[in-house]
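# Summary of the model geometry
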Amino acid sequence: MVTDLTKEHPDKTLWRFLLPMMFSVAFQQIYNIADSMIAGKFAGEDALAAVGASYPITVIFMAFAVGMNLGASVIVSRLFGAGDRKGVKRAVTTAFASSLSLAVILTVYGYFFCRNMMEWIHTPQNIMQDGVLYLKIYVFGLIFLMLYNVCTGIFTALGDSRTPLWFLLGSSAGNIVLDLLFVAKLHWGVAGVAWATFIAQGISAVLALVTLLVRLQKFAGKERVPLFDRKLFVQILAIAVPSILQQSVLSVGNLFVQDIVNRYGSAVVAGYSGAIKLNTFAINIFMTLGSCLSSYTAQNIGAGKQERIPMGFRTGLKLSELTALPFVVLYFGLGQQMMGLFLNAESSAAIHAGVMFLRIVSPWYFMIVVKLMTDGIIRGSGAMIYFVIATIPDLILRIGFALMLSPRFGSTGIWMAWPFGWIAATVLTIIFYRKVKNGYGMRNAAGQK
């Protein structure tokens, strides 16, 4: 189940590596969407709005988990590419120790300040209580969230994209069954949605950890290594911290956007909640291919084969544009039907808001995938400063245009702000990719081995 990405042509390697990862992310997003669908259909429009209003806050917590995932993945990929099996083992234990410590800190903060965070974004009072309740349950699962993401990053670094798929299949199915039990049958409302995610995520994380430890013992031997390596910890943080900052900046931007959305009432919040879940589904699929390119890049740098990076980039572009096509067709052409998954026919105002979001944003997927592919190469090369800088224009422009356009066009003006940020971020990442390809990022990463 360990795959060397430094030998075959990426047209062959990346397809096989990508598909299990893509299915994993798809099923993960499906059960996130199922939460909202079941909340909207069985608990009502306000329940969907409450889960949706808390979503930008949960994304900030997710940013920490994904950042540690990337940090562990890139460093383990380099060590694996260089053939340092003991180093791989030390990097894994260091990643777990630091990630679990971070999870405890975030759990304490999230529990005591969840109401404050909901108030900061002007959550409507009729959904405030349910939103706070959802967050309080959600933060107790942060340890599982962090644990699972780090396990996934390590599996990916070793070229194994299949094992996480099996855990996600089980977790997704379990989450949907529990949603139906807790919300549709037992009528627990928003609390039922949160507990279903907590239980399914917890089981998946524990199983992933046990499997990884067994696999690691076979791969790297039974010889004991230090549980924490300060040098590797610094290297992991060098990747993780910029990634966390980049995603947190975007998440803070989304909080500002959510604040603007919340001012238009719970119907628009509900429509946005459904539409943004669909949008996140597509974006996370695209980001998965970017993560493949990160592992591909890091392994090849570790093996001293930097000349293979542009080949991987070209393959990534072809795969990403092909992947974007069905999402554009579905969201732009069948937006009404897609929103009908979340809301009943009587919620016409909410459905209209969601459809307008999908029709405005989805055609730009063909462009944003280019940005996400360049992100993957830049992360894998270790040139993280570029990765962070490219995010800032997206944040500023999205908020700025939302504030300018919403007074004239209402909530539709908020959705119109998305492409402006994406265009600026894409242009910047292309410029940075050219610098990385010309050797700056590669030399910098090679020097950190």
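Structural notes, computed from the coordinates. (Residues numbered from 1 in each chain as written. Predicted model: local features only at pLDDT ≥ 70, side-chain atom pairs only at ≥ 80, totals over all residues. Heavy atoms only, no water.)

Our focus in this paragraph is the overall build of the chain. A count of helical and extended segments in the chain gives 18 helices and zero strands. Counting only C-alpha atoms, the chain reaches 60 × 45 × 35 Å along its principal axes. In the chain, buried positions account for 60% of the 449 residues. As displayed, the chain offers around 17,400 Å² of accessible surface, 68% of which is attributable to carbon and sulfur atoms. In the chain, 35 positive and 19 negative side-chain charges are present, and the distance between their average locations comes to 10 Å. (Helix = DSSP H or I, 4+ residues; strand = E, 2+ residues; numbered from the N terminus. Buried < 20%, exposed > 50% of the residue type's maximum accessible area, 1.4 Å probe, protein only. Areas by Shrake-Rupley, 256 points an atom, 1.4 Å probe, with all protein chains shown as cover. Lys, Arg positive; Asp, Glu negative; His and termini not counted. Charge placed at Lys NZ, Arg CZ, Asp CG, Glu CD.)

With respect to the helices and strands, Ser73 occurs in helix 2 (residues 45–81). Overall, Ser73 belongs to the buried group, its relative accessible area being 7%. Residues Ser73 and Pro242, spaced 169 residues apart in sequence, show a C-alpha to C-alpha distance of 14 Å. With residues up to four places along the chain from it excluded, the contact list for Ser73 reads Gly153, Ala157 and Ser295. A polar contact of 3.4 Å, which involves the side chain of Ser73, links it to the backbone oxygen of Gly153. (Contact = heavy atoms within 4.5 Å. Polar contact = N/O pair within 3.5 Å; in protein donor to acceptor, adjacent residues only side chain to side chain.)

A few words on the packing of aromatic side chains. Scanning the model with the defined rule gives 21 aromatic pairs in all. Centre to centre, the rings of Tyr365 and Trp422 are 6.2 Å apart; their planes meet at 40°, and the pair counts as tilted. Of this pair, Tyr365 sits in helix 13 (residues 365–381) while Trp422 sits in helix 17 (residues 418–437), and the two are 57 residues apart along the sequence. Comparing Tyr365 with Trp422, the two get one shared label, buried. Each residue in the set Phe281, Phe286, Phe327, Tyr331, Tyr365 and Trp422 is aromatic and connected to the rest through ring pairs, giving one cluster. Of note, Lys136 hangs over the ring of Tyr111, and the distance from its end group to the ring centre comes to 5.2 Å. (Phe/Tyr/Trp six-rings, centres within 6.5 Å; stacked < 30°, edge-to-face > 60°. Lys NZ or Arg CZ within 6 Å of the ring centre and 35° of its normal.)

Turning our attention to the packing of helix 5 (residues 142–157) against helix 6 (residues 163–185). It is at 9 Å that the axes of helix 5 and helix 6 come closest, and there the two elements cross at 150°. The angle between the axes of helix 5 and helix 6 places the two elements in the roughly antiparallel class. Touching Tyr148, Thr152 and Phe155 of helix 5 are Thr163, Pro164, Phe167 and Leu168, all from helix 6. Across the contact of helix 5 with helix 6, the residue classes tally to five nonpolar, two polar and no charged. (Axes fitted to C-alpha atoms, helices over the stretch in contact; angles between N-to-C directions. Parallel < 35°, antiparallel > 145°, perpendicular 65-115°, else oblique. Nonpolar A, V, L, I, M, F, W, Y, C, P; charged D, E, K, R; others polar.)

Note that Gln258 resides in helix 8 (residues 230–262). Overall, the relative accessible area of 1% leaves Gln258 in the buried class. Sequence-distant contacts of Gln258, defined by excluding residues within four places in its chain, comprise Gly52, Ala53, Pro56, Ile121, Val269 and Tyr272.

At a minimum axis distance of 8 Å, the contact between helix 10 (residues 309–333) and helix 13 shows a crossing angle of 145°. Along this stretch, helix 10 crosses helix 13, giving a crossing that reads as right-handed. Taken together, the residues of helix 13 that come into contact with helix 10 (itself represented by Ile309, Phe313, Gly316, Leu317, Ser320, Glu321, Ala324, Leu325, Phe327, Val328 and Tyr331) are Tyr365, Phe366, Val369, Val370, Met373, Thr374 and Ile377. Classifying every residue of the contact of helix 10 with helix 13 gives 14 nonpolar, three polar and one charged. (Left-handed = near helix turned anticlockwise from the far one by under 90°.)

Let's shift gears to helix 4 (residues 125–139). Here helix 4 is 15 residues long and its end C-alpha atoms lie 21 Å apart, about the 21 Å a rise of 1.5 Å per residue gives. Residues of helix 4 that are buried: Ile127, Met128, Gly131, Val132, Tyr134, Leu135, Ile137, Tyr138 and Val139. (Expected span 1.5 Å × (residues − 1).)

With that settled, the discussion passes to helix 15 (residues 392–409). For helix 15, which comprises 18 residues, the first-to-last C-alpha distance of 25 Å matches the rise-based estimate of 26 Å (1.5 Å per residue) to within 8%. Of all the bends in helix 15, the greatest reaches close to 25° and is centred on Leu403; the proline Pro407 follows between one and four positions later. Inspection of helix 15 places Asp394, Leu395, Arg398, Ile399, Ala402, Leu405 and Ser406 among the buried residues, and these make up the whole buried set. Of the surrounding elements, those touching the buried residues of helix 15 are helix 8, helix 16 (411–415) and helix 17. (Bend = angle between axes of the 7 residues up to and from the residue.)

A word on the pattern of salt bridges. Applying the stated criterion across every chain yields a total of three salt bridges. The residue Asp259 makes a salt bridge to Arg263 at a minimum N-O spacing of 3.2 Å. (Salt bridge = Lys/Arg side-chain N within 4 Å of Asp/Glu carboxyl O.)

Take the environment of Ala53 next. Checked against the element boundaries, Ala53 lands in helix 2. Looking at Ala53, the relative accessible area reads 0%, which means it is buried. For Ala53 and Val261, which are 208 residues apart along the polypeptide, the C-alpha to C-alpha distance reads 9.3 Å. Setting aside chain neighbours within four positions, we find Ala53 in contact with Met118, Ile121, Thr123, Ile127, Gln258, Val269 and Ser273.

All chains considered together, the criterion is met by zero disulfides. Of all cysteine sulfurs in the structure, the one in Cys292 sits closest to Cys151, which takes part in no disulfide; the separation is 18 Å. Taking relative accessible area as the criterion, Cys151 reaches 0% and is therefore assigned buried. (Disulfide = S-S within 2.5 Å.)

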